[in-house]
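# Coordinate inspection notes
Letter by letter, the chains look like this.
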Amino acid sequence: MTLTTHKTITLDGRKFGGEATGEETADQFEYVEHHLRIALASEISDDLEGVRLTKERSAAHLLTQILLSGRSSDILAGCLTEEGRTWNRAEADANAARFSHITDAEEKITMHRAILEFVIGS
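Residues numbered from 1 in each chain as written. Predicted model: local features only at pLDDT ≥ 70, side-chain atom pairs only at ≥ 80, totals over all residues. Heavy atoms only, no water.

What follows covers the confidence of the model for the chain. Residue-level pLDDT values for the chain average 81, and 79% of them are 70 or greater. Element-level pLDDT for the chain is lowest in strand S3 (residues 47–48), with a mean of 56, against a maximum mean of 96 in helix H4 (residues 89–100). (pLDDT = per-residue confidence, 0-100. Helix = DSSP H or I, 4+ residues; strand = E, 2+ residues; numbered from the N terminus.)

Moving on, we come to the pattern of salt bridges. Tallied over the entire structure, the rule returns 6 salt bridges. Of the charged contacts in the structure, one is a salt bridge between Glu 30 and Arg 89, with a shortest N-O distance of 3.9 Å. You can see Glu 30 sitting in helix H1 (residues 26–38) and its partner Arg 89 sitting in helix H4, a full 59 residues away along the chain. Here Glu 30 falls in the partly exposed class, since its relative accessible area comes to 48%. You can call Arg 89 partly exposed: its relative accessible area is 34%. Through salt bridges with shared partners, one network takes in Asp 27, Glu 30 and Arg 89. (Salt bridge = Lys/Arg side-chain N within 4 Å of Asp/Glu carboxyl O. Buried < 20%, exposed > 50% of the residue type's maximum accessible area, 1.4 Å probe, protein only.)

A word on the environment of Thr 10. Inspection of the secondary structure assignment puts Thr 10 in strand S1 (residues 9–11). A C-alpha to C-alpha distance of 7.7 Å links Thr 10 and Glu 107, two positions 97 residues apart in sequence. Ignoring anything within four residues of it in the chain, the contact list for Thr 10 reads Lys 15 and Glu 107. A distance of 3.4 Å separates a polar atom in the side chain of Thr 10 from a polar atom in the side chain of Lys 15. (Contact = heavy atoms within 4.5 Å. Polar contact = N/O pair within 3.5 Å; in protein donor to acceptor, adjacent residues only side chain to side chain.)

And the structure:
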């Protein structure tokens, strides 16, 4: 799983991410996995009632599950690292809280796109 596959994005007046560096820590992977499990994302399968789904349909189901779970801000905070900073759980938790309170329509679209890119890349 690659956590940061998106271009640099701006949320809440701060810049995050960039291209994947391969330097994501085990702690960061565990943080994202934890929130994916709580979101029941592991319940999503490529096989829906005996019908094999395309990668796009599987990604759509996974994205829907993440959004419905209310964990999208947590998962996004696990995937994003603010520019010039090192990822850690305390900052990810703080970012998740900030992301969940974003009201700007463009920033909401940006967050959904970043989550979609993560899901497609998984």
